[in-house]
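Here is how the chains run, residue by residue.
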Amino acid sequence: MFLKLLEFIGLTKNGKKLKDLCRLLGFDETDVDKILNFQIEYSTFKLPKKKNGYRIIEAPSKKLKSLQKKILEKILNKIYTYSVATAYQKNRSIVDNAKMHIKQSIIINIDLQDFFGSIPKKKIEQFFKHCGWSNKATECLTRLCVYDNHLPQGAPTSPALSNLVNFSLDYRLDKLTKKWGGIYTRYSDDLTFSFKNEITNSHKFKNIIKSILKHEGYKIQLKKRVRIRRKHQQQIITGLVVNDKVNVPRSIRRRLRAIEHHISNNLPATLTKTQLDGYKSFLAMVNNNQNSNR
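Values in this document were obtained by computation on a predicted structure and should not be read as measured data.

### Some points on the packing of aromatic side chains
Counted according to the given criterion, the structure contains twelve aromatic pairs. Look at Tyr82 and Phe167: their rings are 5.0 Å apart centre to centre, the planes differ by 20°, and that puts the pair in the stacked class. With Tyr82 in the loop between α4 (62-74) and α5 (94-99) and Phe167 in helix α9 (residues 167-179), this pair connects stretches of sequence that are 85 residues apart. Each member of the pair, Tyr82 together with Phe167, is buried. Ring pairing ties together the aromatic residues Trp180, Tyr184, Phe193, Phe195 and Phe205, which thus form one cluster.

Written as structure tokens, this is what we have:
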């Protein structure tokens, strides 16, 4: 299926060799060994999440990061990304993702566990090979974009690759959801399924989703599991309420107003003025975009 999907979007043109890759990345065509023997260096650190826990960031060295930015610009950004993948896209945001699911009777949310870490070297290698790169060029691209046999969270190439190599996953889930009369989108590791009407046998639908995820190499995040919200409940997608329109949850808006009052009256506050201004800019962005065309 993966190869057929790549053929569908025109990625299987052969003939792209290592010398072509060197030219794109700024290497001399007569010195291709430099790119094959390039030293791969990363620094790893933990970044606290907004709520609980942390995520592991694997940051490439300055020289490697520069090469990865060229791969992103010269290669990855020129490849079509399936429209249901809304993260890491130019001029698209969590608001655009949420707008697809306004005023639905039922919303199903699923978070994937260790998203970037679950994308193996083999899948990246397969992607570049099916894009038409020669074996040597594929080896080199894979080496420059993969760390410790998985897609590193912290490399400039990883967000785009996470969308591109999951074309099959998104295609299968989109096709399944449409068959059941619903809408599917994916914002990075956050999967959303919504339906205008109640679906019969939702248990069967969830089991098919789980089967597809397992086949594609993913697990559902155990702490959050599968979350189902109906229209009489608060329906939240990537932190935004979508019951009637896209909006920031009322609890957050109230908290921000209280903080603003404290700051304006020189009282102790849990945010600085700069942080508050950032939140206010985000609120303005949500309000400005919620009524644009879906």
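### Here's the deal with the sheet that holds strand β5 (residues 190-195)
Strand order in the open sheet formed by four strands is β4-β5-β3-β6, and the pairing between neighbours is antiparallel. The sheet is open, and its two borders are formed by β4 (182-187) and β6 (226-230), each paired with just one other strand. Across the sheet, the mean angle separating the axes of adjacent strands is 15° when strand polarity is ignored. As paired elements, β4 and β5 share six bridges and run antiparallel to each other. Following the sheet pairing, Tyr184 is matched in β5 by Phe193. Lying over the sheet, helix α10 (residues 202-215) contacts β3 (106-111), β5 and β6, oriented at roughly 150° with respect to β5.

### Considering the environment of Ile124
Within the secondary structure, Ile124 is located in helix α6 (residues 121-130). Through-space distance from the C-alpha of Ile124 to that of Arg92 is 24 Å; in sequence the pair is 32 residues apart. Setting aside residues up to four positions removed in sequence, Ile124 forms contacts with Ile119, Thr142, Val146, Leu151, Leu161 and Val165.

### Overview of the packing of helix α11 (residues 250-264) against helix α12 (residues 273-289)
Interhelical geometry of α11 versus α12 gives an angle of 140° and a closest axis separation of 11 Å. As the angle between them shows, α11 and α12 are arranged oblique. At the point where α11 passes α12, the crossing takes the left-handed sense. Mapping the contact onto sequence places Arg253, Leu256, Ile259, Glu260 and Ile263 in α11 and Lys273, Leu276, Tyr279, Lys280 and Leu283 in α12. A breakdown of the residues in the contact of α11 with α12 according to their chemical character gives six nonpolar, no polar and four charged.

Quick notes on the rules
- Residues numbered from 1 in each chain as written.
- Predicted model: local features only at pLDDT ≥ 70, side-chain atom pairs only at ≥ 80, totals over all residues.
- Heavy atoms only, no water.
- Phe/Tyr/Trp six-rings, centres within 6.5 Å; stacked < 30°, edge-to-face > 60°.
- Helix = DSSP H or I, 4+ residues; strand = E, 2+ residues; numbered from the N terminus.
- Buried < 20%, exposed > 50% of the residue type's maximum accessible area, 1.4 Å probe, protein only.
- Pairing = 2+ DSSP bridges.
- Axes fitted to C-alpha atoms, helices over the stretch in contact; angles between N-to-C directions.
- Contact = heavy atoms within 4.5 Å.
- Parallel < 35°, antiparallel > 145°, perpendicular 65-115°, else oblique.
- Left-handed = near helix turned anticlockwise from the far one by under 90°.
- Nonpolar A, V, L, I, M, F, W, Y, C, P; charged D, E, K, R; others polar.

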